[in-house]
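The chain contents come next:
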Amino acid sequence: MSISSVARSLSSSHSLILALFLLLAAGCAGSGLATVPEKGENADENQRYARRVAPFPVQGAVGEAYDMPFLGGFNVPRPQIVDIDEDGAQDLFLQEESGQVMFFENTAVPGAPADFAWRTSNYRDLAVGEWFRFVDLDGDGLMDLLAEQPYSYLRYYHNTGAAGTPQFELVKDTLRTVGGEPLFSDRQNIPNVADVDCDGKPDLFVGRLDGTVTRYEATGEVSPEDVPQFRLVTEEFAGIEIVGQVSQPGGGPGAPEDQPTGPPQKGNDPLEDAPLEDTPLGGGSMRHGANTMAFADADGDGDEDLLWGDYFEPGLLLLENRGGCETLNFSSDPVPFPRGNPLTTTGYNAPAVGDLTGDGLKDLLIGVIGGAYNPDRTAAKNLYFYERTSEGGNYDLRVRQYLPMIDVGSESVPALADLDDDGDQDLLVGSKIGTAEGSAAGPMLRYENTGGPADPRFRLADTLALAPEAYDRAPALVDLDDDGDRDLVVGTWNAHLRYHENTGTPGDSQFTEKGTVLADLKRGSHPAPAFADLDGDGDLDLVLGETAGALTFYRNTGTPSNPQFQSANDVLDGVTVDRRSAPVFHDVDGDGDQDLIVGTEGAGFVFFRNEGTAQDPQFVRAEDDAGPLALGGAAPAMAAPAFADIDGDGDADLFTGTARGGLMFFEDRR
């Protein structure tokens, strides 16, 4: 089972116990906004829609800037800090999806605080499996790359470039011992490399699901395939056996998480940065789990200590090296880290070490993958930044989302409309996570457009108070009672549509649930609503997507002010996608009728061109599925599209929700 698939299972607490069983069965009983132009992977000039991560300003509730508002969200961030271009400034790599790594270039001058610019979500198209590590493995001064070779072996990319211009060549063999045995690492565990004995040879450390650590050391020799060879040093490095205590709810670590200290930081949204109270799950037994590690001189004594994150550990553990390079001694008991200000999250914390403030001290960046302690609670804030404030090892928590962006936790769904009658488009974002789960990430958020029709500027204005027991909220904004303002229709997980009438005014939208179920799915769950007049009779009809990918048409047999939706099969007969259909109607080809665009779980967007008329639509699937919405591999999982001319240039740009809980934005370049 992969790290990403475990996280998807855990994104709803209803699946937590099942995910725990599957994981055990697998092997165990604020940065600044760069002003340089974006250079993403979506660079094909023939593509109509171009991805933009920071196309216009977006702010949190107190005016803090979101540096990368449309990055798409994080669920399982696994960071590494490394100066890949050797310009003296530490760059950032981060894995969120299986098989690919994001790259953020540090555009600051050496000695200044990091100023990251997103460059790509798939660095050099390197296939990295479930984890990656940049490290100089052959001693030539250039960063090579280790990654998972499915399943659970160690893939080696040799850097054949020069200083500042890396080029990675896949070596056609996994790393092996001098005896020819392939090295193995459970794919849920993220190994690391460090020269702990200071002999100039890299040591490879692999955490095991039983809580032990295996150590290998490079021999300095290479195989006939030009692969560095390793010898096994020990399968029980330093006698380490990390065991997590899983207790009854309320019986485990219960101290509130420390609040960020120091001046306000970008990304520190007071609506979302509430303390976390740990509520461990389980039956009071000891558990081992998936793990990750980093080596750093955490206490300032000149030798490498070990930082350990584990699926069943809500914090980060420090194993101090009390012996130095020549006489390694990690025999002391693990202690929560940082000392005096320990991390407490939902578990499975992935540490990375590097100087992000330009003061010469190595700071701590922690990706919260989410483990045994209800990962819903950290789904929207999961990239913690601790600034190192002294050589001796003092660390202060600054922010919980180092790269601030729009992020509602999981499976976001956007809807846009003018909610304050000022002539521009405002934004609602729904989420999978429900408020009943005790997460601050789940409510539906409203971002007000404080700019203008051609100069969008968004600011978080409100958290909508909707039914607390609902989750998997898929919003649609539509005037259902013909009174001139937009009402809110929300699909929820249980196959119902909830109707929220706008009881305010066009300039002051106020949504009140009417208790009316507009329509029920005949099968499946997770209804995703879309409205359009598909029969030319002057009122709005309804189409629902659902879990299995089918699309159901409901004809409006009532009136524009009193809709009555009746299921019919004549319009969308045979129109379906693989899974989790999220439909929207938009005239993509400019022929005056509504085309159908459907977001999917894993296939991006599917485009159905209307080859009929506005009164008698005939939806035909594009031969290449996406048609003009082909995004060159940039379309996210759980795509949920919405269109709006956000920049006033006469064409509709594309917003989409993602499985990761953020939003992505694609500009129509016509």
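The paragraphs below set out a description of the structure included in this document. Because the structure is a prediction, the values reported are computed rather than measured. (Residues numbered from 1 in each chain as written. Predicted model: local features only at pLDDT ≥ 70, side-chain atom pairs only at ≥ 80, totals over all residues. Heavy atoms only, no water.)

Before going further, it helps to spend a moment on unusual backbone geometry. Of note, the amide linkage connecting Pro150 to Tyr151 takes the cis form, showing an omega dihedral of 0°. With respect to the element layout, Tyr151 can be found in the loop between β8 (144-149) and β9 (153-159). In this chain, Phe337 is followed by Pro338 through a cis amide linkage whose omega measures -5°. Tracing the sequence through the fold places Pro338 in the loop between β21 (335-337) and β22 (349-354). The phi angle at Ser152 is positive, at roughly 80°, despite the residue not being glycine. One can find Ser152 in the loop between β8 and β9. Residue classification places Ser152 among the buried positions, given a relative accessible area of 8%. One non-glycine residue, His526, lies in the positive phi region at around 55°. Positionally, His526 belongs in the loop between β33 (511-520) and β34 (528-532). (Helix = DSSP H or I, 4+ residues; strand = E, 2+ residues; numbered from the N terminus. Buried < 20%, exposed > 50% of the residue type's maximum accessible area, 1.4 Å probe, protein only.)

Together, Asp138, Asp140, Glu169 and Asp226 make up a region of like negative charge exposed at the surface. Secondary-structure assignment places Asp140 in the loop between β7 (132-135) and β8. (Patch = residues over 30% accessible without salt bridge, like charges linked within 9 Å, V, L, I, M, F, W, Y side chains within 5 Å. Areas by Shrake-Rupley, 256 points an atom, 1.4 Å probe, with all protein chains shown as cover. Salt bridge = Lys/Arg side-chain N within 4 Å of Asp/Glu carboxyl O. Lys, Arg positive; Asp, Glu negative; His and termini not counted. Charge placed at Lys NZ, Arg CZ, Asp CG, Glu CD.)

Moving on, we get to the pairing of strand β18 (residues 291-296). Of all six residues making up β18, six are buried, and the element is well covered by its neighbours. Residues Asn291, Met293 and Phe295 of β18 are buried on one face, and the alternating residues Thr292, Ala294 and Ala296, pointing to the opposite face, are buried as well.

Secondary-structure assignment places Ser410 in the loop between β25 (395-399) and β26 (413-417). When its relative accessible area of 3% is taken as the criterion, Ser410 is described as buried. Expressed as a C-alpha distance, the spacing of Ser410 and Gly661, which sit 251 residues apart in the sequence, is 3.7 Å.

Moving on, we come to the side chain of Ser185. Mapped onto the elements, Ser185 comes out in the loop between β11 (176-177) and β12 (192-194). Using a relative accessible area of 0% as the deciding quantity, one classes Ser185 as buried. Once residues within four sequence positions are removed from consideration, Ser185 is found in contact with Ser152, Leu154, Pro191, Val206 and Arg208. (Contact = heavy atoms within 4.5 Å.)

With that settled, consider the packing of aromatic side chains. In total, this model carries 26 aromatic pairs according to the counting rule given. Between Phe237 and Phe330 the ring centres are 5.3 Å apart and the planes differ by 55°, which places this aromatic pair in the tilted class. Taken together, the residues Phe237 in the loop between β15 (228-234) and β16 (244-245) and Phe330 in the loop between β20 (316-319) and β21 connect sequence positions 93 residues apart. Residue Phe237 shares its accessibility class with Phe330, and that shared class is buried. What links up through ring pairs into an aromatic cluster is the set Phe93, Phe103, Tyr123, Phe132, Phe134 and Phe168. (Phe/Tyr/Trp six-rings, centres within 6.5 Å; stacked < 30°, edge-to-face > 60°.)

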